[in-house]
Amino acid sequence: MLEEKLTENFSSLLRENRVFPAPADFAAKAHIKSESEYEALYRRSVDDPEGFWGEAASELEWFAPWKKVLEGEFPDAKWFTDGKMNLSHNCVDRHANGALKDKVALLWEGEPGEVRKITYGELHGEVQKFANVLKNIGVKRGDRVAVYMGMCPELAIALLACARLGAIHSVVFGGFAAHAISDRVNDSACVAVITQDTSYRRGSEIKLKAIVDEALQKCTSVQHVIVYQRSGSPVNMVEGRDLWWHEAVAAASAECAPEWMDAEDPLYILYTSGTTGKPKGLVHTTGGYAVGTYLTTKYVFDLRPDDVYWCTADIGWVTGHSYVVYGPLQCGATVVMYEGAPNWPQNDRFWKIVDDHQVTVFYTAPTAIRAFIKWGDQWVKGYSLASLRLLGTVGEPINPEAWMWYHREIGKERCPIVDTYWQTETGMHVLAPIPGAIAAKPGSATKPFFGVVPEVVTKEGDPVPAGQGGLLVIRKPWPAIARTIYGDHARYVSSYFSEIPGSYFTGDGARRDEDGYFWLMGRVDDVINVSGHRLGTMEIESALVAHGKVAEAAVVGRPDEMKGQAIAAFVTLEEGVEPTDALKQELRQWVAKEIGALARPDDLRFTQMLPKTRSGKIMRRLLRELATTGTVSGDTTTLEDFGVLAKLKETDE
Ligand code: 6R9
């Protein structure tokens, strides 16, 4: 399986030779100013991880010191043991009690156009009040709280309030369907849900509260639902269970001391797709995650006190957790949040926000960049974008042409671009250029962050020579790695540490070039990446098979110019069911309803049989090839029934 995927990815490997050194004026003002400075600090971080990370941790506030910086090895490494701290204290109080009290912490723009600015001092007040609201309904340290909201300041406040109490938040992306919410709520037995009436997206309203109501019909653990009033649209409030955010906050007291959390206490759960049908609830802890997100934000975005920082990710994904909320707030940055779509009311909305708020650091995804390119340069031309000084990307490999466009049209050939490679599991950037120090190569995530020891290996775990592709592993623990999968530590160990014993296996293929730069080649497992969103093919297959008319389903990713990968589904129907176009649409819609619109298959084909090996495994390679090229060339010697292939090729779209 792994080898098969690697060979496929190889064929699309790009030969890219352009190099863009860090601009001298940028480097002169940067935290880290040269490659040799990076190299020296990197060496130190690897030779003396405890010294390196201990110093980084000392830049934050601890209620009680740690005994040991790092204890143990994969998969049970622990960081800052016995240290006590609170992340909401480090994100908010530390600044509100000091020089940044009146600095804007959150600069929010709603899709309809309203703007709210919340200073660190004000945020301090809001977080304490909302933490008291949670306390008043009985939420306590260690309880799980689900959060299903759109991008508004209250979402960040909700997270920080949970962190303040030591309650474990579990954010469910606002684009997921009711079914996805109930699965996640039940998996970790959440006691409360925080949501809002509706949120705005491309001019229409998403009825978040109504979706929560539907989801909770299948949940018994939830005692309370807190509803933030965003639009004022009518919602159904369940007596005794539901309360309004504004009413509860008005009645709450203004002071709430932060809990002293142990460094290894859980901070949050975030579900992500794996190779089986059930999403994995990755658990991030307090101290190591705090230090890792803090230091990567400081160095990779080279944050300075006067930065206006905008990461366009939704807080429903890990990028929003680490680089909208926890990283930049720990750094005391002004964080821009935007509620809606990039093309509302027009395709220039992002550039208007950059100019209006004088954004200096802009962090987005390759899929967004490809959309901007498609919409045309005219949408960018009217804007100065002169405030920008650093650009970033995340979520999937960026194709060099998209990188060049970003560099030219947005960065005006002046701003370094940081291509940051990391995962829900890693919690923080693991490969990324330090912008004042490392020359960029379009399409490469460049070099490891401090303390991260990546290697490209064969499936036996042996290093491969420079220039050759292999599996990307990380050899040594880093502080922000997720510590477990909620309720299933065995799955955590087998998913990440059994493929290459002793190392963390990323699930990605990569090659390292002669200069030590890493080039990501995509997932080597059954995870696909659609517009930067991770989806398990099994998850979509399970949803399809749950439909009464479907007998069997196989889902694969195929390359797509805009989305990176598109979803192709092959479906066999129950005896006697007619394969009609209407049914095709019904099934696509069914998946959207079961999981969320992002999982709706782009192509869906009916077939009488799926190609299987003699041992009964679906031959996904053949399906991928068929979905991509319309034909099949490779080795089919283990195929059970050659007639299946001929029939598959016959079926039209
Ligand atoms: C942060 C995030 C993780 C997967 C990862 C990889 C892909 C992310 C990338 C990248 C190439 C980059 N990925 N960043 N591939 N270059 N800069 O996206 O987390 O949603 O868990 O996805 O995304 O395949 O394994 P997550």
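It should be emphasised that the depicted structure is a prediction, and the values quoted were computed from it without experimental measurement.

The next subject is the pattern of salt bridges. Side chains that carry opposite charge are capable of pairing whenever their charged atoms lie near each other. The full count for this structure, using the stated rule, is 47 salt bridges. A salt bridge links Glu 114 to Arg 230; the shortest N-O distance between them is 2.9 Å. Pair noted here: Glu 114 is in the loop between strand S4 (104-109) and strand S5 (115-119) and Arg 230 is in the loop between strand S11 (224-228) and strand S12 (242-244), with a separation of 116 residues, a long-range link. Note that Glu 541 and Arg 620 form a salt bridge whose closest N and O atoms lie 2.9 Å from each other. Taken as a pair, Glu 541 in helix H18 (residues 537-545) and Arg 620 in helix H20 (residues 620-629) lie far apart in primary sequence, 79 residues in all. Salt bridges here are not isolated pairs; linked through shared partners, they connect Glu 35, Glu 39, Arg 43 and Lys 447.

Another point: the packing of aromatic side chains. As enumerated under the stated definition, the model contains 45 aromatic pairs in all. Judged by centre distance (5.9 Å) and plane angle (20°), the rings of Tyr 38 and Tyr 42 are stacked. One end of the pair is Tyr 38 and the other is Tyr 42, both in helix H3 (residues 35-47) and 4 residues apart, which spans about a single turn. Here Tyr 38 and Tyr 42 have matching classes, each one buried. Judged by centre distance (5.9 Å) and plane angle (80°), the rings of Tyr 289 and Tyr 326 are edge-to-face. Here the residue Tyr 289 occupies a position in helix H11 (residues 287-300), and Tyr 326 occupies one in helix H12 (residues 318-330), the gap between them amounting to 37 residues. Tyr 326 shares its class with Tyr 289; the two are buried. Through pairs of rings, three or more aromatic residues link up here, namely Tyr 38, Tyr 42, Phe 52, Trp 53, Trp 62, Trp 66, Trp 79, Phe 80, Tyr 299, Phe 449 and Phe 450. Directly above the aromatic system of Trp 108 lies the positively charged group of Arg 116, at a separation of 5.7 Å from the ring centroid. Sitting over the face of the ring of Phe 176, Arg 184 holds its NZ or CZ atom 4.6 Å from the ring centroid.

Here we come to unusual backbone geometry. The omega angle of the peptide bond from Phe 74 to Pro 75 is -5°, so this bond is cis rather than trans. Secondary-structure assignment places Pro 75 in the loop between strand S1 (68-71) and strand S2 (78-81). The residue after Trp 344, namely Pro 345, is reached through a cis peptide bond having omega -5°. Assignment of secondary structure puts Pro 345 in the loop between strand S17 (334-338) and helix H13 (349-357).

According to UniProt, the feature "binding site: ATP" (unreviewed entry) maps to Gly 395, Glu 396, Pro 397, Asp 508, Arg 523 and Arg 534 in the numbering used here. The annotated residues occupy 140 residues of the chain but converge on a single region, no pair of C-alpha atoms lying more than 13.0 Å apart. Positionally, Asp 508 belongs in strand S24 (residues 504-512). Not counting residues within four places of it along the chain, the set of residues in contact with Asp 508 comprises Tyr 421, Gln 423, Gly 470, Leu 471, Leu 472, Leu 520, Gly 522, Arg 523 and Val 524. Relative to the helices and strands, Arg 523 resides in strand S25 (residues 518-523). On the basis of relative accessible area, Arg 523 is assigned to the buried category, the value being 14%.

Here, the residues flagged by UniProt with the feature "domain: AMP-binding enzyme C-terminal" (unreviewed entry) are residues 539-617. Between the C-alpha atoms that bound residues 539-617 the distance is 17 Å, and the span itself is 27% helix and 32% strand.

Turning next to the site of the ligand. Neighbouring the ligand are 17 residues; Asp 419, Thr 420, Thr 424, Asp 508 and Arg 534 lie closest to it. Between the ligand and Gly 395 there is a distance of 3.1 Å, counted from a nitrogen atom to a backbone nitrogen or oxygen. At 2.5 Å from an oxygen atom of the ligand is found a side-chain nitrogen or oxygen belonging to Asp 508. Calculation on the ligand without its partners gives an accessible area of 530 Å², and the protein chains cover 96% of this total. Put simply, the parts of the chain that give the shell around the ligand at least two residues each are H12, strand S20 (417-420) and S25. Counted by class, the shell around the ligand contains 6 nonpolar, 6 polar and 5 charged residues.

The rules behind these values
- The residue numbers shown here count from 1 along each chain, following its written sequence.
- Given that this is a predicted model, residues contribute local features only at a pLDDT of at least 70 and side-chain atom pairs are listed and counted only at 80 or more, while totals for whole chains, interfaces and linings are drawn from all residues.
- Side-chain numbers come from the whole structure's heavy atoms, not from hydrogens or water.
- Definition used for salt bridges: Asp or Glu carboxyl oxygen within 4 Å of a side-chain nitrogen of Lys or Arg.
- Only runs of H or I of at least four residues qualify as helices and only runs of E of at least two qualify as strands under DSSP, and these elements are numbered from the N terminus.
- Geometry of aromatic contacts follows a simple scheme: Phe, Tyr and Trp rings, the Trp one being its six-membered ring, pair when their centres are within 6.5 Å, and the pair is stacked under 30 degrees between planes, edge-to-face over 60, tilted otherwise.
- Burial here depends on accessible area, computed with a 1.4 Å probe over protein chains only, as a share of the maximum for the residue type. Under 20% is buried, over 50% is exposed, and the range in between is partly exposed.
- Two thresholds decide whether a charge sits over a ring: the Lys NZ or Arg CZ must be within 6 Å of the ring centre and within 35 degrees of the ring normal.
- UniProt positions are given in the numbering used here, feature names are shortened, and annotations may be inferred rather than shown by experiment.
- Contacts were defined at the residue level, with two residues in contact if any of their heavy atoms lie within 4.5 Å.
- Note on terminology: near, applied to a residue and a molecule or strand, indicates that one of the residue's heavy atoms is within 4 Å of it.
- Between N or O atoms, a polar contact is any pair within 3.5 Å; within protein, one atom must be a potential hydrogen donor and the other a potential acceptor, and residues adjacent in sequence are included only when both atoms are from side chains.
- Only the protein chains shown count as cover for residues, with accessible areas throughout obtained via the Shrake-Rupley method and a probe of 1.4 Å.
- Nonpolar residues are Ala, Val, Leu, Ile, Met, Phe, Trp, Tyr, Cys and Pro. Charged residues are Asp, Glu, Lys and Arg, and all others, Gly as well, are polar.

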